[in-house]
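Remarks on the overall topology
If you want the building blocks of each chain, they are given just below.
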Amino acid sequence: MLSKRLPITGYPHLALAAQDNHAISARTLAGLRKAGFLIEADRIVPPAGTSSQAVIAAITGAFQAAKHGA
C-alpha cells in the first residue's frame, strides 16, 4: 500500500509524493518535523516565512537522511 501524497501548504506546485516504503516515508516526515514543519493528516505546513527553495531543501534533506537510515 502506498503512503498518501501530501501537498505543501502555500506551495501548490509542491507535494511529498506517495511512497511504497513506509519506513522511509515515516523517517522523511520525522525529519520534516525536526525541521519545524507541521505534519497534518492531509498536508504538510512549512514554518512561516519559508521560501520555496528552503522547502525543497528540507524535503530533499529529510528524504536523503531517511533513505540512508539516519
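1. What to know about the packing of helix α1 (residues 22-34) against helix α2 (residues 52-67)
It is at 8 Å that the axes of α1 and α2 come closest, and there the two elements cross at 135 degrees. On the basis of the axis angle, α1 is oblique to α2. Handedness of the crossing formed by α1 with α2: right-handed. In this structure, α1 uses Ile24, Arg27, Thr28, Gly31 and Leu32 to contact α2, whose residues at the interface are Ala58, Ile59, Ala62, Phe63, Ala66 and Lys67. Here the residues of the contact of α1 with α2 are counted per class, giving seven nonpolar, two polar and two charged.

2. What to know about α1
Across its 13 residues, α1 extends 18 Å between first and last C-alpha, which sits within 8% of the 18 Å expected from 1.5 Å per residue. Those residues of α1 not exposed but buried are Ile24, Ser25, Thr28, Leu29 and Leu32. Take α1 and look down its axis: the buried residues cluster within an arc of 135 degrees, on one side only. Turning to α1, the residues buried within the fold contact β1 (6-8), β2 (11-16), β3 (38-39), β4 (44-45) and α2. Among the residues of α1, the N-terminal cap falls to Asn21, whose side-chain oxygen and the backbone nitrogen of Ala23 are separated by 3.1 Å. Just downstream of α1 lies Gly36, where phi reads positive at about 100 degrees.

3. Things to note about the pairing of β2
Walk down a regular strand and you will see the side chains alternate between the two sheet faces. Across three bridges, β1 lies against β2 in antiparallel orientation. The residue of β2 that forms the bridge with Pro7 is Ala15. Connecting the antiparallel pair β1 and β2 is a turn made up of two residues, with Gly10 showing a positive phi of about 90 degrees.

Rules behind the numbers
Residues numbered from 1 in each chain as written. Predicted model: local features only at pLDDT ≥ 70, side-chain atom pairs only at ≥ 80, totals over all residues. Heavy atoms only, no water. Axes fitted to C-alpha atoms, helices over the stretch in contact; angles between N-to-C directions. Helix = DSSP H or I, 4+ residues; strand = E, 2+ residues; numbered from the N terminus. Parallel < 35°, antiparallel > 145°, perpendicular 65-115°, else oblique. Left-handed = near helix turned anticlockwise from the far one by under 90°. Contact = heavy atoms within 4.5 Å. Nonpolar A, V, L, I, M, F, W, Y, C, P; charged D, E, K, R; others polar. Expected span 1.5 Å × (residues − 1). Buried < 20%, exposed > 50% of the residue type's maximum accessible area, 1.4 Å probe, protein only. Arc of directions from axis to C-beta. Polar contact = N/O pair within 3.5 Å; in protein donor to acceptor, adjacent residues only side chain to side chain. Pairing = 2+ DSSP bridges.

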